[in-house]
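# Residue-level structural notes
As a plain string of letters, each chain reads:
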Amino acid sequence: MAQKKDQKNRPKTRHEVMAEARKSSGKKEDGIGCFGTILRLVMILSTFAVFGLLVFGGIWAYQNKERITEYFNPPTEPLEIIDVSSSYGRMNTTWFKRHFTDIREGMAMNRVDINAVKNQLLALGQVKDATVTKVYPDKLKIEITERQPVLRVMIKSEVNVVDADGVVFKPLNYDQKGMGEINKLPELTEGNVNRVVNGNIASYRVPGMEVINQLMLIAQQDYPDLYKDWKTVNLRKFDGRDYAPYASIRLKTDYADEIIFSPRLFPEQLAKLSLILKTEEQRNVKQFEYIDLSFVPENGSAFHKPKKAAN
């Protein structure tokens, strides 16, 4: 017993003191370590949040750079120059001043709402795209991409046109020569015309015009003598799906009451049409009731029926 009591009361060695110190400090470090982990996590999340704000703030600033410029540097100069250009030259400065009377020289630059001007331009079917910018101190610059007509169509006894995207629009600021070119385009007589709403802008579209445009372009470039006599286009049996069963594009021309195309492989069909016309011309046949090319993509066959000569 005396020996155990002596061991209990004896002074602690250096190693024992250090072991107890480590044990005591370890309990405190557990709490400190947990707090440090949370702090590091908060710092990482804060970094990502700040980075995200910088990115979105930069995008917003780029999209609203005109407004920011006006806010920090309020323009005092009036609008002196309105410069409008377009891809085909029809929508020019003179046209713009005549139709946009609320935008005029002399008004304060900060009163020109470029977003409103752009939206008004895009509401016109003829405008495919528009860029509206202020060039300080006193210039408004407008660049317009116009749609190019592919077919003409009569709506309420008025001439309208259809472009390669199928957008139907009334031609604006065409001169006499331009309207003459439009009147030479094949006329769409039958087909679906759908109303499409994009935001505040409503337009009318003809489905499948991308395919029709391919036919027109190939014919214009490679077979201009055939194309110039095309009068009407009938899309009653074509809804825009080129692989739909029994889909067909039907044309009326000066030399045939009906030419039937499949909506696929136009070069092959046009080559076949050219061959038929040349072959029959040698037999003095120049008019046809129909020429059916719709089987050319499948097996190369075509059918035609010449008109009987008048007695």
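Residues numbered from 1 in each chain as written. Predicted model: local features only at pLDDT ≥ 70, side-chain atom pairs only at ≥ 80, totals over all residues. Heavy atoms only, no water.

### Describing the pattern of salt bridges
- A full pass over the atoms with the stated rule returns 20 salt bridges.
- When the shortest N-O distance is used, the salt bridge between E187 and R152 registers 3.5 Å. In this pair, E187 sits in strand β7 (residues 187–190) while R152 sits in strand β4 (residues 149–155), placing the two residues 35 residues apart along the sequence.
- Given the relative accessible area of 17%, R152 is considered buried.
- In this structure, a network of salt bridges that share partners links the residues K128, R147, D163 and D165. (Salt bridge = Lys/Arg side-chain N within 4 Å of Asp/Glu carboxyl O. Helix = DSSP H or I, 4+ residues; strand = E, 2+ residues; numbered from the N terminus. Buried < 20%, exposed > 50% of the residue type's maximum accessible area, 1.4 Å probe, protein only.)

### Some remarks on the packing of aromatic side chains
- If you walk through the whole model with that rule in mind, you get 5 aromatic pairs.
- Their ring planes at 10° and their centres at 4.5 Å tell us that F96 and F100 sit as a pair that is stacked.
- Residue classification places F96 among the buried positions, given a relative accessible area of 0%.
- Among the aromatic side chains, those forming a connected cluster through ring pairs are W95, F96 and F100. (Phe/Tyr/Trp six-rings, centres within 6.5 Å; stacked < 30°, edge-to-face > 60°.)

### Some details on the sheet that holds strand β3 (residues 139–146)
- Read from one edge of the open sheet, 3 strands run β1-β3-β2, paired in mixed fashion. Edge positions in the sheet fall to β1 (81–86) and β2 (127–135), since each has one partner strand and no second. Sheet twist, expressed as the average angle between the axes of neighbouring strands with direction ignored, equals 15°.
- As defined by bridge partners, β2 adjoins β3 across 8 bridges and the pair is classed as antiparallel. Note on β3: the bridge partner recorded for D129 is T145.
- The sheet contacts of helix α5 (residues 114–122) involve β2 and β3, and relative to β2 the element is tilted by about 160°. (Pairing = 2+ DSSP bridges. Axes fitted to C-alpha atoms, helices over the stretch in contact; angles between N-to-C directions. Contact = heavy atoms within 4.5 Å.)

### Some details on helix α7 (residues 209–222)
- Between its first and last C-alpha atoms α7 spans 20 Å; for 14 residues at 1.5 Å apiece the expected length is 20 Å, and the two agree.
- Buried within α7 are the following residues: M209, V211, I212, N213, L215, M216, I218 and A219. (Expected span 1.5 Å × (residues − 1).)

### Thoughts on the side chain of R250
- For R250, the position within the fold is in strand β11 (residues 249–253).
- Among the polar contacts listed, one links the side chain of R250 to the side chain of S248, at a separation of 3.2 Å.
- A polar atom in the side chain of R250 sits 3.3 Å from the side chain of E258.
- Filtering out sequence-adjacent residues up to four positions away, R250 remains in contact with T232, V233, N234, K237, E258, I259 and I260. (Polar contact = N/O pair within 3.5 Å; in protein donor to acceptor, adjacent residues only side chain to side chain.)

### Things to note about the pairing of β11
- In terms of residue burial, β11 counts as a mostly covered element, since 4 of its 5 residues are buried.
- Two strands pair when backbone bridges link them, and strand β10 (residues 230–234) and β11 are joined in this way by 4 bridges, in the antiparallel orientation. Within β11, the position partnered with V233 by the bridge is L251.
- Bridge count for β11 against strand β12 (residues 259–261) is 3 bridges, and the pairing is antiparallel. Looking at the pairing, I249 lines up with F261 of β12.
- Count of turn residues in the β11/β12 antiparallel hairpin: 5 residues.

### Observations concerning α5
- Burial in α5 covers these residues: I114, V117 and L121. The arc that holds every buried residue of α5, seen down its axis, measures 60°, which confines them to one face.
- Looking at where α5 begins, the residue whose side-chain oxygen comes 3.1 Å from the main-chain nitrogen of N115 is D113. (Arc of directions from axis to C-beta.)

### With respect to the confidence of the model for the chain
- Considering every residue of the chain, the mean pLDDT works out to 84; 83% of them sit at 70 or more.
- Low pLDDT (under 50) marks residues 1–5, which in the prediction has 0 contacts with non-local residues, meaning those over four places away or in another chain. (pLDDT = per-residue confidence, 0-100.)

### A look at the environment of D254
- Relative to the assigned elements, D254 resides in the loop between β11 and β12.
- Placed 33 residues apart in sequence, D254 and Q287 show a C-alpha to C-alpha distance of 8.1 Å.
- Once residues within four sequence positions are removed from consideration, D254 is found in contact with D229, K231 and Q287.

### Some remarks on the environment of K307
- Mapped onto the secondary structure, K307 falls in the segment after β14 (303–306).
- The residues contacting K307, other than those within four sequence positions of it, are D257, Q287, F288 and E289.
- A distance of 3.1 Å separates polar atoms of two side chains, one belonging to K307 and the other to D257.

### Concerning the packing of α7 against helix α9 (residues 266–282)
- It is the contact of α7 with α9, at a shortest axis distance of 10 Å, that shows an interaxial angle of 45°. As far as their axial angle goes, α9 and α7 are oblique. In terms of crossing hand, the pair formed by α7 and α9 is right-handed. Contacts between α7 and α9 pair V211, Q214, L215, I218 and A219 from the former with F266, P267 and L270 from the latter.
- Here the contact of α7 with α9 is built from residues that sort into 7 nonpolar, 1 polar and no charged. (Parallel < 35°, antiparallel > 145°, perpendicular 65-115°, else oblique. Left-handed = near helix turned anticlockwise from the far one by under 90°. Nonpolar A, V, L, I, M, F, W, Y, C, P; charged D, E, K, R; others polar.)

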